[in-house]
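Listed below are the residues making up each chain.
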Amino acid sequence: MSPTVYHYLTLSAILFSMGTIGVLTRRNAIVIFMCIELMLNAVNLSFIALSRHLGNLDGQIFVFFVMAVAAAEAAVGLALMITFFRNRESIEVDDINLLKW
Amino acid sequence: MENLAQIAMQDVNFGAIMPSLVLVCFGMALLLVTVFSPRGKTTHVAYLSILALVVTGIVSLATWTPAGSLVGNWQEGFGGSVRLDNFATFFNIVFLIAAGLTILMSDDYLKREEYPIGEYYPLILFTTAGAMWMASGTDLMTIFLGLEVLSISLYVLAGFFRRQERSNEAGLKYFLLGAFSTGFLLYGIALIYGVTGTTKVALIGEILANNPSLLTNTMTLAGMGLMSIGFLFKIAAAPFHMWTPDVYQGAPTPITAFMSAGPKAAAFAAFLRVFVIGLAGLQDQWTSLLWILAVLTMIVGNVVAIYQTNLKRMLAYSSIAHAGYALVGMVAANAIGLSGILFYMLAYTFMNLGAFAILVLAGKKGEDNLTLDGFAGFGFKRPFLGVAMSIFLLSLMGIPPTAGFTAKFYIFAGAVEAGYIWLAIIGVLNSAVSLYYYLRVMVYMYFRDPAEDYGWVKMHAGAVLSIVVAIIGVFYLGIIPGAVMEFAKLAIF
């Protein structure tokens, strides 16, 4: 049995859920960021599978944009984490605690 | 080779992105100007970025189609991915006003906080350009790109004071939660693309209208839900508002002001275009979803604001509440409600940026004094700023004859006309609750003995100018709202 679009969509949904759960449960900012990347790549997988299934290229073009944007986001995000680490000597989100209601 | 060039240039119409193009070119030129400027000198960059905004404003107005004109001035380009119509132009002007007032109040603030870094201004210009793509994007791809250009610049701006832990935290929090919400938005887009086979907003609307069976498809509904999470996060609606108070309190004050007006309006623009045009077939579903969320947002914003003693944080919660009022207009989704949202965004830009401009002036270095106690007797010691602050607070409450009143009036009139009388009543009751925490600031300003003489408050020309412009805007929109409301009515789809 060759994989169909449903298999890919299921896999993508599983990966997306794993990413979401990771973001909500992990405490290290870098690991959280990796989980976010996992979510974005799960979406990319959906886009490519659907693009092939539908026979149009919009989805694949979208994936290029998502990858480019994710790279830019990583650059800014890691820079923010470095400045945070310089001041606090930690990158755990439990230490992001100055601001509270 | 010639053929390739022809294919690449097909359907390109630079007129459709002209405002953001001008802005981005100015932004990149200003980055170079900054590099070649002496350290610590940023005033000229501020002036040049104001010039950029004025030029962009003139360029934007060229695409406005006045009432009764037979030929539309709107521009469409890039294979129908960008459409600079009245809707986009109205929002562009809102973004430009927000950016302009922000830049005016920034220069002396940056010097006082000892971060005179010129890159600040180009970043604001890039944010504004991203906001313009969101408002004029008619393809989910363009909207996504605009959202990211806007967000990435804002992450940097929120964490701009890099040796200040509060600002670090704000930047990092905004980044992590913003990227998280982008994931949801994208997944929603992927699902909608899977159902309809296109990412063009208008085409999605057509396909869904022609195939009613798609409307009950789980994938369509899940796509709609996930996309609304992405947008609701950006407009800071409950329960996706958790980041707002922290980020607003930690970010530099002018940036907080900008975030509460410009990017929020941009998110509303994209939200409206995608949902009202693209997902028109699902209106029953998203209306009932937004009904609940609008009520929740208003209540959470207003009730939690009562407990705040830090004014930046209080205004953050108030901005959550105001997003709730604007959502009421979207639930109504009729002509008055939708044009009411456009009007509301403009009115909110004036009143909120004005209030923040006073916080910018009133703060000491480090801004630990921006609490209720820190404003004791402020109104007597600083009469002009006290009166101005009172005007903005009255406008935020929605007291006539200010912009806040007319804006709320249009929104609630739209809700009543569409039959959502209870929603309008809840909105009005919430406004009454909000009187408490806005009036409390005025009580502190005028009925408490001043503990200090507020000698550190310097009336910087830029910030004062932005306060004066905001006061004029608040009264103009409050006393003669008709003209602008006509523009807003022309601007909706």
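Criteria and cut-off values
Residues numbered from 1 in each chain as written. Chains lettered and ligands numbered in written order. Predicted model: local features only at pLDDT ≥ 70, side-chain atom pairs only at ≥ 80, totals over all residues. Heavy atoms only, no water. Axes fitted to C-alpha atoms, helices over the stretch in contact; angles between N-to-C directions. Helix = DSSP H or I, 4+ residues; strand = E, 2+ residues; numbered from the N terminus. Parallel < 35°, antiparallel > 145°, perpendicular 65-115°, else oblique. Left-handed = near helix turned anticlockwise from the far one by under 90°. Contact = heavy atoms within 4.5 Å. Nonpolar A, V, L, I, M, F, W, Y, C, P; charged D, E, K, R; others polar. 1 Å grid on protein atoms, 1.4 Å probe; cavity = no way out; pocket = protein on both sides within 12 Å on 5 of 7 lines; lining within 4 Å. Points joined across faces, edges and corners; volume = space filled by probe spheres on them. Phe/Tyr/Trp six-rings, centres within 6.5 Å; stacked < 30°, edge-to-face > 60°. Buried < 20%, exposed > 50% of the residue type's maximum accessible area, 1.4 Å probe, protein only. Lys NZ or Arg CZ within 6 Å of the ring centre and 35° of its normal. Salt bridge = Lys/Arg side-chain N within 4 Å of Asp/Glu carboxyl O. Patch = residues over 30% accessible without salt bridge, like charges linked within 9 Å, V, L, I, M, F, W, Y side chains within 5 Å. Areas by Shrake-Rupley, 256 points an atom, 1.4 Å probe, with all protein chains shown as cover. Lys, Arg positive; Asp, Glu negative; His and termini not counted. Charge placed at Lys NZ, Arg CZ, Asp CG, Glu CD. Buried area = accessible area lost by both parts, 1.4 Å probe.

Caption draft 1: Examining the packing of helix H12 (residues 283-306) of chain B against helix H13 (residues 311-332) of chain B more closely. All names here are of chain B. H13 packs onto H12 with a crossing angle of 155° between their chain directions and a minimal axis gap of 8 Å. With respect to their mutual orientation, H12 and H13 come out roughly antiparallel. Between H12 and H13 lies a crossing whose hand is left-handed. Residues Trp286, Thr287, Leu290, Trp291, Ala294, Thr297, Met298, Val300, Gly301, Asn302, Val304 and Ala305 of H12 touch H13, and the partners they reach there are Met314, Tyr317, Ile320, Ala321, Gly324, Tyr325, Leu327, Val328, Met330 and Val331. Of the residues in the contact of H12 with H13, the class split is 17 nonpolar, five polar and no charged.

Caption draft 2: Region of the structure containing the layout of surface pockets. Empty space within the largest pocket amounts to approximately 640 Å³. The wall of the largest pocket is formed by 20 residues, among which Leu24(A), Lys173(B), Leu177(B), Phe180(B) and Met242(B) lie closest to the centre. Among the elements that take part in the lining of the largest pocket, helix H7 (residues 165-196) of chain B stands out by supplying six residues, more than any other. When grouped by side-chain class, the residues that make up the lining of the largest pocket number 15 nonpolar, two polar and three charged.

Caption draft 3: Representation of the packing of aromatic side chains within the structure. Counted by the stated rule, this structure contains 34 aromatic pairs over all chains. The interplanar angle of 50° and the centroid separation of 5.2 Å between the aromatic rings of Phe33(A) and Phe175(B) together place this pair among those described as tilted. Of this pair, Phe33(A) sits in helix H2 (residues 29-54) while Phe175(B) sits in helix H7, each in a different chain. Among the residues examined, Phe33(A) registers a relative accessible area of 6% and is labelled buried. Judged by its relative accessible area of 0%, Phe175(B) is buried. Ring-pair connections join several aromatic residues into one group, and the members of that group are Phe33(A), Tyr155(B), Tyr174(B), Phe175(B), Phe233(B), Trp243(B) and Tyr248(B). Sitting over the ring of Trp74(B), Arg83(B) keeps its end group 4.0 Å from the ring centre.

Caption draft 4: Structural context of empty space enclosed by the protein. Residue and element names in this part refer to chain B. Counted by the stated rule, this structure contains three cavities of 30 Å³ or more. What the largest cavity holds in volume is close to 50 Å³. Contributing to the lining of the largest cavity are Tyr174, Lys234, Trp243, Tyr248, Met259, Pro263 and Lys264. Contributions of two or more residues to the lining of the largest cavity are made by helix H10 (243-250) and helix H11 (253-278). The greatest single-element share of the lining of the largest cavity, amounting to three residues, is contributed by H11.

Caption draft 5: Quick peek at the environment of Gly278(B). All names here are of chain B. Here Gly278 shows up in helix H11. It is 4.1 Å that separates the C-alpha atoms of Gly278 and Gly205, two residues lying 73 residues apart in sequence. Those residues in contact with Gly278, other than ones at most four positions away along the chain, are Val201, Ile204, Gly205, Leu208 and Arg273.

Caption draft 6: A look at the pattern of salt bridges. Taken as a whole and assessed by the stated rule, the structure comprises 15 salt bridges over all chains. For Lys364(B), the salt bridge identified is with Glu452(B), shortest N-O distance 4.0 Å. Highlighted residues: Lys364(B) in the loop between helix H14 (335-362) and helix H15 (378-381) and Glu452(B) in the loop between helix H18 (421-447) and helix H19 (461-479), separated in sequence by 88 residues. Overall, the relative accessible area of 36% leaves Glu452(B) in the partly exposed class. Through salt bridges with shared partners, one network takes in Arg88(A), Glu165(B), Glu169(B), Lys173(B), Asp246(B) and Arg313(B).

Caption draft 7: Fine view of a positive patch on the surface. Taken together, Arg86(A), Arg39(B), Arg162(B) and Arg163(B) make up a surface patch of like positive charges. Inspection of the secondary structure assignment puts Arg86(A) in helix H3 (residues 58-88). You can call Arg86(A) exposed: its relative accessible area is 64%.

Caption draft 8: Just the interface of chain A and chain B, in detail. Counting from both sides, the interface comprises 46 residues of chain A and, opposite them, 43 residues of chain B. When chain A packs against chain B, the two sides together hide about 3,900 Å² of surface, and 78% of this comes from carbon and sulfur. At the boundary of chain A with chain B, the tally comes to two salt bridges. Note that Glu165(B) and Arg88(A) form a salt bridge whose closest N and O atoms lie 3.6 Å from each other. Of all the elements in the fold, those that place two or more residues in the side of chain A that touches chain B are helix H1 (5-25), H2 and H3 of chain A. At 17 residues, the largest contribution of residues to the side of chain A that touches chain B is made by H3(A).

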